Amino acid sequence: MESIEPAEPYYPPAAPGIEKIRNRWIEIDSMAGLGIDPDLERIPAEIWEEVGGAENVADGITLFAKGIIDATADLVVDMKPNPVFFKGSAGRLALANTFAYMKEKHPGVLRVCDGKFAEVGHSAEKIADEIFGDLDADAVLLNPYLGFDAIEPFAKWKDKLVILCVNTSNPSAAQIQNLPLTDGNPLWKHILLESMQSWNYNGNIIPVMSATHPDNLIGIRDIVGDTPILLAGVGSQGGSVDETVPGCLDSQGYGLMIGASRAVLYPDVQAGETAIHASRRAALTLRDNINLAKAA
């Protein structure tokens, strides 16, 4: 009997940012992501030697970021530079260099500015102009708890993606996000419903959900459908891919972006390997663990 090849995943047309994520899932069969948080004290000494000393901050961060990007780009859906770690004028230059390098060398990777910004009005518009205009990021993380006027200056960029920190993995998140409302829903679920429905007029908003609160993920696809989810808190924060991934997959068997930062940026280097080789090994481990949970 002739074997039947499984059908390729198929998604209907969507906003450009979501299309980019879905294309990437299928292209590389991975839902792993990478946070780029350059800690000057943890950047390997050989990087500083190559750029002529630790005083050359912009060059050092840029070289470090390029090495990590090249080592992991074929394994990840998204890369998220966090501007908090790109300090001062030298850091801002390195941030611009990092985004430009991702766009030039690895255009298929979703470029995310991991800022978790919360501003309104003219200030929010200026931030959106810098992130989506100057840096040419594909997406930005935002704090939705200031309401829609903090989101709209970003959401109106139709070709960009807005990622809202709806249910986060920090330990005290529940103090605010789990507050019960009169309809019986916790505050985070109200924000999720509001953002997916009335705020999402351009179809370019996706949520952050937490792997450290697995009960909150039960039935999540009934609310968001096939909308991608950025799943936070896996790894050092205690979230388990085995417990959370199977119930969060979309109709095509993907649906998630699951990132790591420190585990990939600053891995334990084994005998006979360089720091870059160790970073790639850590990214491979993340990808493979996610895919094993997916297969289950």
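In what follows, the structure referred to is the one given above.
The structure displayed is predicted, hence computed values, not measured ones.

1. A closer look at the overall build of the protein
Point 1. For the protein, the count of helices and strands is 12 helices and eight strands.
Point 2. Every one of the 296 residues in the protein was classed for burial, and the buried ones make up 50%.
Point 3. Long-range contacts, defined here as pairs at least 24 residues apart, represent 69% of the contacts in the protein between residues at least 6 apart.
Point 4. Counting only carbon and sulfur atoms, one obtains 52% of the accessible surface of the protein, whose full area is about 13,700 Å².

2. Details of the packing of helix H10 (residues 241–248) against helix H12 (residues 275–295)
Pairs of packed helices are described in terms of their axes, by the angle between the two and the distance that separates them.
Point 1. At their nearest, the axes of H10 and H12 sit 8 Å apart, and the two run at 55° to each other. Considered as vectors, H10 and H12 are oriented oblique to each other. H12 is crossed by H10, and the crossing has right-handed handedness. Contact residues: Val241, Asp242, Val245 and Pro246 in H10; Asn289, Ile290, Ala293 and Lys294 in H12.
Point 2. Residues that form the contact of H10 with H12 fall into these classes: five nonpolar, one polar and two charged.

3. Brief notes about the environment of Leu231
Point 1. You can see Leu231 is positioned in strand S7 (residues 229–232).
Point 2. When the C-alpha positions of Leu231 and Ser169 are compared, they lie 9.3 Å apart, and in sequence the two are 62 residues distant.
Point 3. Setting aside chain neighbours within four positions, we find Leu231 in contact with Met209, Ser210, Ala211, Leu217, Thr244, Leu256, Met257, Ile258 and Gly259.

4. What to know about the side chain of Thr244
Point 1. Here Thr244 lies in helix H10.
Point 2. Within the structure, the side chain of Thr244 is placed 2.6 Å from the backbone oxygen of Ser240, a separation counted as a polar contact.
Point 3. In this view, Thr244 contacts Ala211, Pro214, Leu217 and Leu231; residues no more than four positions away in its chain are not counted.

5. Re the packing of helix H3 (residues 57–72) against H12
Point 1. In contact at an axis separation of 9 Å, H3 and H12 are set at 45° when each is read in the N-to-C sense. Our classification of the angle between H3 and H12 gives oblique. The hand of the H3/H12 crossing is right-handed. Contacts between H3 and H12 involve Gly67, Ile68, Ala71 and Thr72 from the first element and Ile276, Ser279, Arg280 and Ala283 from the second.

6. Some words on the pattern of salt bridges
Point 1. Within this structure, the stated rule accounts for 15 salt bridges.
Point 2. Among the ionic pairs, Asp29 bridges to Lys294, the shortest N-O distance being 3.4 Å. Within this pair, whereas Asp29 is found in the loop between helix H1 (16–28) and strand S1 (32–36), its partner Lys294 is found in helix H12, the two being separated by 265 residues in sequence.
Point 3. Judged by relative accessible area, which is 36%, Asp29 ranks as partly exposed.
Point 4. Overall, Lys294 belongs to the partly exposed group, its relative accessible area being 21%.
Point 5. When the shortest N-O distance is used, the salt bridge between Lys160 and Asp136 registers 2.8 Å. Residue Lys160 is found in the loop between helix H6 (152–155) and strand S5 (161–165), and its partner Asp136 is found in the loop between helix H5 (121–134) and strand S4 (139–142); the two are separated by 24 residues along the sequence.

7. Comments concerning the packing of aromatic side chains
Point 1. As enumerated under the stated definition, the model contains seven aromatic pairs in all.
Point 2. Between Trp25 and Tyr254, the ring centres sit 6.1 Å apart and the planes meet at 5°, which makes this aromatic pair stacked. Separated by 229 residues along the polypeptide, Trp25 in helix H1 and Tyr254 in the loop between H10 and strand S8 (256–260) bring together distant segments of the chain.
Point 3. With relative accessibility at 0%, the residue Trp25 sits in the buried group.
Point 4. Centre to centre, the rings of Phe148 and Tyr201 are 6.3 Å apart; their planes meet at 80°, and the pair counts as edge-to-face. Linking Phe148 in the loop between S4 and H6 with Tyr201 in the loop between helix H8 (187–196) and strand S6 (205–210), this pair joins segments that are 53 residues apart in sequence.
Point 5. In textbook terms, an aromatic cluster arises when at least three aromatic residues are bridged by ring pairs, as seen for Tyr11, Trp25 and Tyr254.

8. As for the state of the cysteines
Point 1. Here the structure, examined in full by the defined rule, presents zero disulfides.
Point 2. Cys248 carries a free sulfur, and the closest cysteine sulfur to it, the one in Cys165, is 16 Å from it.
Point 3. Looking at Cys248, the relative accessible area reads 1%, which means it is buried.

The rules behind the values
- Residues numbered from 1 in each chain as written.
- Predicted model: local features only at pLDDT ≥ 70, side-chain atom pairs only at ≥ 80, totals over all residues.
- Heavy atoms only, no water.
- Helix = DSSP H or I, 4+ residues; strand = E, 2+ residues; numbered from the N terminus.
- Buried < 20%, exposed > 50% of the residue type's maximum accessible area, 1.4 Å probe, protein only.
- Contact = heavy atoms within 4.5 Å.
- Areas by Shrake-Rupley, 256 points an atom, 1.4 Å probe, with all protein chains shown as cover.
- Axes fitted to C-alpha atoms, helices over the stretch in contact; angles between N-to-C directions.
- Parallel < 35°, antiparallel > 145°, perpendicular 65-115°, else oblique.
- Left-handed = near helix turned anticlockwise from the far one by under 90°.
- Nonpolar A, V, L, I, M, F, W, Y, C, P; charged D, E, K, R; others polar.
- Polar contact = N/O pair within 3.5 Å; in protein donor to acceptor, adjacent residues only side chain to side chain.
- Salt bridge = Lys/Arg side-chain N within 4 Å of Asp/Glu carboxyl O.
- Phe/Tyr/Trp six-rings, centres within 6.5 Å; stacked < 30°, edge-to-face > 60°.
- Disulfide = S-S within 2.5 Å.

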